Amino acid sequence: MSDPSTSAITPANSHGPSALAVNGPQQDGGWHIEGEEDGDWIIPRAHLFQDTATEREIFGRDFGPGDLVNTLTKQHLNSRRFVPIQGFKDFALIEDSKVVRVSRNRNDFNREDWDWDYRRANDLPLPPPVQQRLNFICLFEDEDFPVLLRFKSTSYQAGRQVNSFMKLHQGRMLYELDFRKENGENGPYLVPVIKLAGPLSPAMAAARAEWTMQAQGRDIKVHEEDTSFDPESF
(Lines give C-alpha, C1' and ligand atoms only; values in the text may rest on other atoms or scores of the structure.)
Protein backbone atom coordinates (compact mmCIF):
# COMPACT_ATOMS: atom_id res chain seq x y z
CA MET A 1 0.00 0.00 0.00
CA SER A 2 1.37 3.40 -0.91
CA ASP A 3 2.00 6.01 1.75
CA PRO A 4 -0.54 8.81 1.14
CA SER A 5 1.18 11.21 3.49
CA THR A 6 3.85 11.73 0.86
CA SER A 7 3.82 13.76 -2.31
CA ALA A 8 6.24 14.06 -5.20
CA ILE A 9 7.98 17.36 -4.69
CA THR A 10 11.58 18.52 -4.61
CA PRO A 11 12.84 21.27 -2.30
CA ALA A 12 14.06 24.63 -3.50
CA ASN A 13 16.16 27.17 -1.63
CA SER A 14 14.06 28.55 1.23
CA HIS A 15 14.82 31.51 3.47
CA GLY A 16 11.43 32.62 4.85
CA PRO A 17 10.01 32.33 8.35
CA SER A 18 8.60 28.88 7.61
CA ALA A 19 11.75 27.53 5.96
CA LEU A 20 12.92 23.99 6.63
CA ALA A 21 16.29 22.38 6.13
CA VAL A 22 16.29 21.36 2.48
CA ASN A 23 18.61 19.87 -0.09
CA GLY A 24 20.78 22.63 -1.45
CA PRO A 25 24.37 23.02 -2.60
CA GLN A 26 26.87 23.12 0.25
CA GLN A 27 28.18 26.43 -1.05
CA ASP A 28 24.71 27.91 -0.47
CA GLY A 29 24.76 27.15 3.24
CA GLY A 30 24.77 23.37 3.54
CA TRP A 31 21.01 23.03 4.00
CA HIS A 32 21.00 19.25 3.98
CA ILE A 33 22.47 16.49 6.07
CA GLU A 34 24.78 13.84 4.73
CA GLY A 35 22.83 10.79 3.60
CA GLU A 36 19.47 12.58 3.68
CA GLU A 37 16.60 10.72 2.01
CA ASP A 38 13.18 11.84 0.78
CA GLY A 39 11.40 10.92 4.01
CA ASP A 40 13.82 12.82 6.24
CA TRP A 41 12.03 16.13 5.90
CA ILE A 42 8.36 17.14 5.91
CA ILE A 43 6.15 19.75 4.31
CA PRO A 44 3.92 21.75 6.69
CA ARG A 45 0.16 22.04 6.45
CA ALA A 46 -1.98 25.15 6.65
CA HIS A 47 -4.57 24.75 9.42
CA LEU A 48 -7.69 26.93 9.62
CA PHE A 49 -7.90 27.74 13.32
CA GLN A 50 -11.35 27.05 14.78
CA ASP A 51 -10.47 28.14 18.34
CA THR A 52 -11.26 24.83 20.03
CA ALA A 53 -9.73 23.76 23.34
CA THR A 54 -7.68 21.08 21.57
CA GLU A 55 -6.29 23.62 19.08
CA ARG A 56 -5.36 26.02 21.87
CA GLU A 57 -3.52 23.20 23.60
CA ILE A 58 -1.60 22.28 20.44
CA PHE A 59 -0.94 25.70 18.90
CA GLY A 60 -1.16 28.06 21.87
CA ARG A 61 -3.39 31.05 22.46
CA ASP A 62 -1.90 33.53 20.00
CA PHE A 63 -4.46 32.70 17.29
CA GLY A 64 -8.06 33.68 16.65
CA PRO A 65 -10.87 32.00 14.72
CA GLY A 66 -10.06 32.00 11.01
CA ASP A 67 -6.29 32.41 11.37
CA LEU A 68 -4.09 30.20 9.20
CA VAL A 69 -1.45 28.30 11.16
CA ASN A 70 1.66 26.57 9.86
CA THR A 71 1.36 23.18 11.60
CA LEU A 72 5.11 22.63 11.73
CA THR A 73 6.36 26.00 12.96
CA LYS A 74 3.10 26.85 14.80
CA GLN A 75 3.35 30.35 13.36
CA HIS A 76 0.86 32.48 11.45
CA LEU A 77 0.75 32.30 7.68
CA ASN A 78 0.92 36.01 6.96
CA SER A 79 -1.00 35.89 3.70
CA ARG A 80 -4.20 34.13 2.66
CA ARG A 81 -3.35 34.36 -1.06
CA PHE A 82 -1.85 31.33 -2.77
CA VAL A 83 -1.24 29.49 -6.00
CA PRO A 84 -1.44 25.67 -6.24
CA ILE A 85 1.58 23.74 -7.46
CA GLN A 86 0.09 20.24 -7.60
CA GLY A 87 -2.54 18.13 -5.85
CA PHE A 88 -3.59 14.62 -4.91
CA LYS A 89 -6.57 12.80 -3.39
CA ASP A 90 -6.36 10.41 -0.47
CA PHE A 91 -8.54 8.55 2.05
CA ALA A 92 -8.30 8.52 5.86
CA LEU A 93 -9.83 6.11 8.35
CA ILE A 94 -11.17 8.08 11.33
CA GLU A 95 -11.64 6.47 14.74
CA ASP A 96 -12.51 8.49 17.87
CA SER A 97 -11.78 11.72 15.94
CA LYS A 98 -8.26 10.49 15.16
CA VAL A 99 -6.74 9.57 11.81
CA VAL A 100 -5.53 5.99 12.21
CA ARG A 101 -4.79 4.96 8.62
CA VAL A 102 -4.34 6.76 5.30
CA SER A 103 -4.05 5.60 1.69
CA ARG A 104 -4.37 7.07 -1.78
CA ASN A 105 -6.19 3.90 -2.83
CA ARG A 106 -9.79 3.74 -1.63
CA ASN A 107 -9.84 -0.01 -2.19
CA ASP A 108 -7.29 -0.48 0.56
CA PHE A 109 -10.29 -0.11 2.89
CA ASN A 110 -13.39 -2.28 3.24
CA ARG A 111 -16.27 -1.11 1.07
CA GLU A 112 -18.58 -0.67 4.05
CA ASP A 113 -16.11 1.84 5.49
CA TRP A 114 -16.29 4.31 2.58
CA ASP A 115 -19.40 3.59 0.43
CA TRP A 116 -22.28 5.89 1.41
CA ASP A 117 -24.87 3.98 -0.63
CA TYR A 118 -23.80 0.66 0.85
CA ARG A 119 -24.10 2.03 4.37
CA ARG A 120 -27.54 3.51 3.68
CA ALA A 121 -28.77 0.23 2.20
CA ASN A 122 -27.52 -1.69 5.23
CA ASP A 123 -28.65 0.83 7.87
CA LEU A 124 -25.09 1.59 8.93
CA PRO A 125 -24.26 4.91 10.63
CA LEU A 126 -23.27 7.91 8.52
CA PRO A 127 -20.87 9.39 7.64
CA PRO A 128 -18.58 6.48 6.76
CA PRO A 129 -15.44 6.18 8.89
CA VAL A 130 -13.22 6.54 5.81
CA GLN A 131 -13.02 10.18 4.76
CA GLN A 132 -11.90 11.35 1.33
CA ARG A 133 -9.58 14.36 1.19
CA LEU A 134 -8.33 16.71 -1.52
CA ASN A 135 -4.75 17.92 -0.96
CA PHE A 136 -2.95 20.76 -2.72
CA ILE A 137 0.69 21.73 -2.40
CA CYS A 138 0.58 25.52 -2.59
CA LEU A 139 2.85 28.52 -2.55
CA PHE A 140 1.53 31.39 -0.42
CA GLU A 141 2.46 35.03 -0.77
CA ASP A 142 5.29 35.99 1.58
CA GLU A 143 6.22 32.32 2.01
CA ASP A 144 8.98 30.83 -0.11
CA PHE A 145 8.43 27.25 1.08
CA PRO A 146 5.33 25.31 -0.06
CA VAL A 147 2.50 24.49 2.35
CA LEU A 148 -0.20 21.84 2.01
CA LEU A 149 -3.87 22.80 1.90
CA ARG A 150 -6.18 19.90 2.76
CA PHE A 151 -9.93 19.90 2.17
CA LYS A 152 -12.16 17.30 3.80
CA SER A 153 -15.63 16.81 5.20
CA THR A 154 -17.43 20.18 5.30
CA SER A 155 -14.57 21.85 3.35
CA TYR A 156 -14.58 19.35 0.48
CA GLN A 157 -16.56 21.61 -1.84
CA ALA A 158 -13.88 24.28 -1.53
CA GLY A 159 -11.30 21.67 -2.53
CA ARG A 160 -13.31 20.84 -5.64
CA GLN A 161 -13.33 24.53 -6.46
CA VAL A 162 -9.55 24.76 -6.18
CA ASN A 163 -9.25 21.70 -8.43
CA SER A 164 -11.58 23.27 -11.02
CA PHE A 165 -9.68 26.57 -10.88
CA MET A 166 -6.39 24.73 -11.41
CA LYS A 167 -7.74 23.14 -14.58
CA LEU A 168 -9.29 26.39 -15.79
CA HIS A 169 -6.44 28.82 -15.10
CA GLN A 170 -3.44 26.46 -15.40
CA GLY A 171 -1.30 28.32 -12.89
CA ARG A 172 -1.99 31.84 -14.16
CA MET A 173 -4.17 33.04 -11.27
CA LEU A 174 -3.82 33.74 -7.57
CA TYR A 175 -6.52 32.59 -5.12
CA GLU A 176 -7.51 33.77 -1.66
CA LEU A 177 -8.62 31.53 1.20
CA ASP A 178 -11.49 33.06 3.17
CA PHE A 179 -14.08 31.43 5.42
CA ARG A 180 -17.71 31.54 6.48
CA LYS A 181 -19.42 30.44 9.69
CA GLU A 182 -21.73 27.42 9.80
CA ASN A 183 -23.63 25.80 12.65
CA GLY A 184 -23.29 22.09 13.39
CA GLU A 185 -24.35 19.62 16.05
CA ASN A 186 -21.36 20.60 18.17
CA GLY A 187 -21.79 24.33 17.65
CA PRO A 188 -20.49 26.85 15.10
CA TYR A 189 -17.50 26.09 12.91
CA LEU A 190 -15.63 27.72 10.02
CA VAL A 191 -15.81 26.51 6.42
CA PRO A 192 -13.16 27.56 3.84
CA VAL A 193 -14.21 29.74 0.92
CA ILE A 194 -12.03 30.17 -2.18
CA LYS A 195 -11.96 33.50 -4.01
CA LEU A 196 -10.18 34.71 -7.12
CA ALA A 197 -7.43 37.19 -6.26
CA GLY A 198 -6.18 38.25 -9.70
CA PRO A 199 -3.28 37.22 -11.93
CA LEU A 200 0.03 36.06 -10.53
CA SER A 201 2.72 38.65 -10.12
CA PRO A 202 5.89 37.99 -12.15
CA ALA A 203 7.72 37.01 -8.95
CA MET A 204 5.02 34.54 -7.90
CA ALA A 205 4.82 33.13 -11.42
CA ALA A 206 8.57 32.57 -11.47
CA ALA A 207 8.52 30.93 -8.04
CA ARG A 208 5.66 28.66 -9.02
CA ALA A 209 7.40 27.72 -12.25
CA GLU A 210 10.55 26.81 -10.34
CA TRP A 211 8.68 24.62 -7.86
CA THR A 212 6.60 23.01 -10.59
CA MET A 213 9.75 22.18 -12.53
CA GLN A 214 11.40 20.73 -9.45
CA ALA A 215 8.33 18.82 -8.19
CA GLN A 216 9.39 15.62 -9.87
CA GLY A 217 10.50 12.26 -8.65
CA ARG A 218 10.80 12.70 -4.87
CA ASP A 219 8.40 11.73 -2.12
CA ILE A 220 8.38 13.75 1.07
CA LYS A 221 6.15 13.41 4.10
CA VAL A 222 3.40 15.85 4.98
CA HIS A 223 3.42 17.07 8.56
CA GLU A 224 0.62 15.23 10.38
CA GLU A 225 1.67 15.05 14.02
CA ASP A 226 -0.97 16.32 16.49
CA THR A 227 -3.04 18.00 13.79
CA SER A 228 -5.50 15.32 12.68
CA PHE A 229 -7.58 15.58 15.83
CA ASP A 230 -10.86 16.84 14.37
CA PRO A 231 -12.38 15.38 11.18
CA GLU A 232 -14.63 18.45 10.84
CA SER A 233 -11.75 20.91 10.83
CA PHE A 234 -9.87 22.17 7.79
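Presented here is a report on the structure given in the accompanying data block.

Calculation criteria
Residues numbered from 1 in each chain as written. Predicted model: local features only at pLDDT ≥ 70, side-chain atom pairs only at ≥ 80, totals over all residues. Heavy atoms only, no water. Helix = DSSP H or I, 4+ residues; strand = E, 2+ residues; numbered from the N terminus. Pairing = 2+ DSSP bridges.

**Some thoughts on unusual backbone geometry**
Of note, the amide linkage connecting Leu126 to Pro127 takes the cis form, showing an omega dihedral of 0 degrees. Along the polypeptide, Pro127 turns up in the loop between helix H2 (116–121) and strand E8 (130–140). The phi dihedral of Asp96 is positive, around 55 degrees, even though this residue is not glycine. Position of Asp96 among the secondary structure elements: in the loop between strand E6 (81–95) and strand E7 (98–103). Positive phi, normally seen in glycine, also occurs at Asp142, with a value near 65 degrees. Along the chain, Asp142 turns up in the loop between E8 and strand E9 (147–152).

**Description of the sheet that holds strand E4 (residues 68–70)**
Strand order in the open sheet formed by three strands is E3-E4-E5, with antiparallel pairing between adjacent strands. Looking at strand neighbours, the two that pair on one side only are strand E3 (46–48) and strand E5 (75–76), the edges of this open sheet. Here two bridges tie E4 to E5, and the two strands are oriented antiparallel to one another. Bridge pairing in E5 links Asn70 to Gln75.

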